[in-house]
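Descriptive analysis of the structure
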Amino acid sequence: RVSRYSIKKDKLIKDETFDKKSCNEDGNPNCLNMLENKSLIEFLNYSKKNYPADRYVLILWNHGGGPTGGYGIEDTLDGGFSMEDISDVLSQADIDHYSLIGFDACLMGNVEIANTLSQYTDYLIASEESKSAYGWDYTQFLTELATNPTVSIERVGKIIADDYIMNNINSGDTALSFIETNDEN
């Protein structure tokens, strides 16, 4: 089964369980596939309804294929998101604007993707190259947001990029760009 969790005061709490299984379990045709537009829209709307905020950050973690390959390409599931799909999702979701959209995925940090997302976010953080399989270190920037909710998004982006570089310096996988998508800020 697929479940939704929240973290409250250092505890992991199961908020709800769906009757559907994850699509990579037992080949169930009646499954919850997070690589479908409607599933991501429902998740974003759920997040806004249950966790209203003055600003939003959206981070997508999976495989990236750049502007032509899209995002979320999986060997075990059909689908993934083209950049047109992501734009459609963001236009249909109840969140009008994000302070930051990040891709913890390969090949998503380029001008085409920044341009596609510019109407939805002020900043994009993503790698223009293949990135480390370990991905980002979420601890420091989430701790910063939790202890200082008014921290600037520029500072959050710097923490993400600096931590990524420090954690991957020996592997050579250190490309991560923080891109301002809207020069009207």
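Residues numbered from 1 in each chain as written. Predicted model: local features only at pLDDT ≥ 70, side-chain atom pairs only at ≥ 80, totals over all residues. Heavy atoms only, no water.

1. Observations concerning the environment of Glu 112
In this fold, Glu 112 is placed in helix H4 (residues 111-117). For the pair Glu 112 and Thr 68, spaced 44 residues apart in sequence, the C-alpha to C-alpha distance is 9.5 Å. (Helix = DSSP H or I, 4+ residues; strand = E, 2+ residues; numbered from the N terminus.)

2. A few points about the pairing of strand E7 (residues 121-126)
For E7, the buried fraction is high: six of the six residues fall into the buried class. Bridge analysis of strand E6 (residues 98-104) against E7 gives four bridges, and the strand direction is parallel. In the strand pairing of E7, Leu 100 is matched with Tyr 123. Once you follow E6 into H4 and on to E7, the crossover reads as right-handed. Inspection of the sheet shows E7 paired to strand E8 (residues 177-180) by four bridges, in the antiparallel sense. Within E8, the position partnered with Tyr 123 by the bridge is Glu 180. (Buried < 20%, exposed > 50% of the residue type's maximum accessible area, 1.4 Å probe, protein only. Pairing = 2+ DSSP bridges. Right-handed = clockwise from strand over helix to strand, strands pointing away.)

3. Points about the packing of helix H5 (residues 138-147) against helix H6 (residues 153-168)
Packed helices, taken two at a time, are described by the angle their axes make and the gap between the axes. The geometry of H5 relative to H6 is characterised by a closest axis approach of 8 Å and an angle of 160° between their N-to-C directions. By the angle between their axes, H5 is roughly antiparallel relative to H6. When you trace H5 past H6, the crossing you get is right-handed. Here Gln 140, Phe 141, Glu 144 and Leu 145 of H5 lie close against H6, whose contacting residues are Val 156, Ile 159, Ile 160 and Asp 163. In terms of residue class, the contact of H5 with H6 is built from five nonpolar, one polar and two charged. (Axes fitted to C-alpha atoms, helices over the stretch in contact; angles between N-to-C directions. Parallel < 35°, antiparallel > 145°, perpendicular 65-115°, else oblique. Left-handed = near helix turned anticlockwise from the far one by under 90°. Contact = heavy atoms within 4.5 Å. Nonpolar A, V, L, I, M, F, W, Y, C, P; charged D, E, K, R; others polar.)

4. Some points on the packing of helix H1 (residues 37-50) against helix H3 (residues 83-92)
Where H1 contacts H3, the axes come no closer than 9 Å and their chain directions differ by 35°. In terms of crossing hand, the pair formed by H1 and H3 is right-handed. Residues Asn 37, Leu 40, Ile 41 and Leu 44 of H1 touch H3, and the partners they reach there are Asp 85, Asp 88, Val 89, Leu 90 and Gln 92. When grouped by side-chain class, the residues that make up the contact of H1 with H3 number five nonpolar, two polar and two charged.

5. Quick notes on the environment of Thr 121
In this fold, Thr 121 is placed in strand E7. Thr 121 gets classed as buried once you look at its relative accessible area, which sits at 0%. Remark: the alpha-carbon pair of Thr 121 and Thr 181, spanning 60 residues in sequence, is separated by 6.8 Å. Ignoring any residue separated from it by four or fewer positions in sequence, one finds Thr 121 in contact with His 97, Tyr 98, Ser 99, Leu 100, Ile 101, Thr 181 and Asn 182. Within the local environment of Thr 121, its side chain forms a polar contact with the backbone nitrogen of Ile 101, the two atoms lying 3.4 Å apart. (Polar contact = N/O pair within 3.5 Å; in protein donor to acceptor, adjacent residues only side chain to side chain.)

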